[in-house]
Amino acid sequence: MFVKSNLLTAVKTYFKESLHDNFSQSEIKLITKSIVCERFNISDSEYLLGNNTKFSESELLYFRECIHDLKNGKPLQYIVGSTEFFGNRIICDSRALIPRPETEELIEWIIEEDKNAMTFHDFCTGTGCIALGLKSSLLNATVSASDYSENCLDLARENAKALELDVNFVTIDVLDKNLIPFDNFDVIVSNPPYIGLSELALIEKNVLDYEPHDAL
């Protein structure tokens, strides 16, 4: 068997030994904890204290698949299927870019600078993380968001439903000026694609191989 036993303590050792050439020890600890806790709905305390937790053979095979994906550069967020963003659990998959932590600063800045604003629109919404972050903090505000990709909008709606937040998602191509009602909002926000085709060679392999190119 590729794992010494079916105990959690053996699974932790398996991740550590398998990924030591790819990640730092601190990264491996975070990766292991994220995969185990997210997949099996285990709390942080259970993870830290439950080394005698046992896994089935199919669950151990899942861990082996995760190791394979990680070695091939698949982002952790796509493996576990979600990420934490501005206090919200955001569903992630290859339909949209993974929300970046630095984007949280954009939301904080908007909330701080525009205290009287009540209507917001987020262009190029992707997962919907910005719009949902605003709505979760400003429950009385009217928040809408758009993207030209129907796949992105489906994902954003899934996130809104999971978080029980009322955000209106619509199809708009930001390059089509005739479709953009700029005058209808107090605040317009966007974190749009900004990488030129000439810069693709500079992008990390795990981003280029797995995240949607149109969104980049």
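Located above this text is the structure these notes cover.
Residues numbered from 1 in each chain as written. Predicted model: local features only at pLDDT ≥ 70, side-chain atom pairs only at ≥ 80, totals over all residues. Heavy atoms only, no water.

Q: When you look at the pairing of strand β6 (residues 187-190) in this model, what are you seeing that I'm missing?
A: Side-chain positions along a regular strand alternate between the two faces of the sheet. Residue alternation in β6 divides its side chains into a buried set, V187 and V189, and an unburied set, I188 and S190. Bridge count for strand β3 (residues 119-123) against β6 is four bridges, and the pairing is parallel. Note on β6: the bridge partner recorded for F123 is S190. (Buried < 20%, exposed > 50% of the residue type's maximum accessible area, 1.4 Å probe, protein only. Helix = DSSP H or I, 4+ residues; strand = E, 2+ residues; numbered from the N terminus. Pairing = 2+ DSSP bridges.)

Q: How do you make sense of the sheet that holds strand β5 (residues 167-171) when you look at a structure like this?
A: To summarise the sheet geometry, strands pair through backbone hydrogen bonds and adopt either a parallel or an antiparallel arrangement. With parallel pairing, four strands are arranged side by side in an open sheet as β5-β4-β3-β6. Two strands close off the open sheet at either side, each with one partner strand: β5 and β6. With strand direction ignored, the average angle separating the axes of adjacent strands in the sheet is 20°. Strands β3, β4 (142-147), β5 and β6 of the sheet are contacted by helix α7 (residues 129-137), whose axis makes an angle of about 155° with β5. (Axes fitted to C-alpha atoms, helices over the stretch in contact; angles between N-to-C directions. Contact = heavy atoms within 4.5 Å.)

Q: Explanation requested: the pattern of salt bridges in the structure shown.
A: Any two side chains of opposite charge can pair, so long as their charged atoms come close to each other. All chains considered together, the criterion is met by seven salt bridges. Residues D93 and R95 are paired through a salt bridge, measuring 2.7 Å at the closest nitrogen-oxygen approach. D93 sits in the partly exposed class, given a relative accessible area of 22%. Between E112 and K115 there is a salt bridge; the shortest N-O distance is 3.0 Å. On the accessibility criterion, K115 (58% relative accessible area) is exposed. (Salt bridge = Lys/Arg side-chain N within 4 Å of Asp/Glu carboxyl O.)

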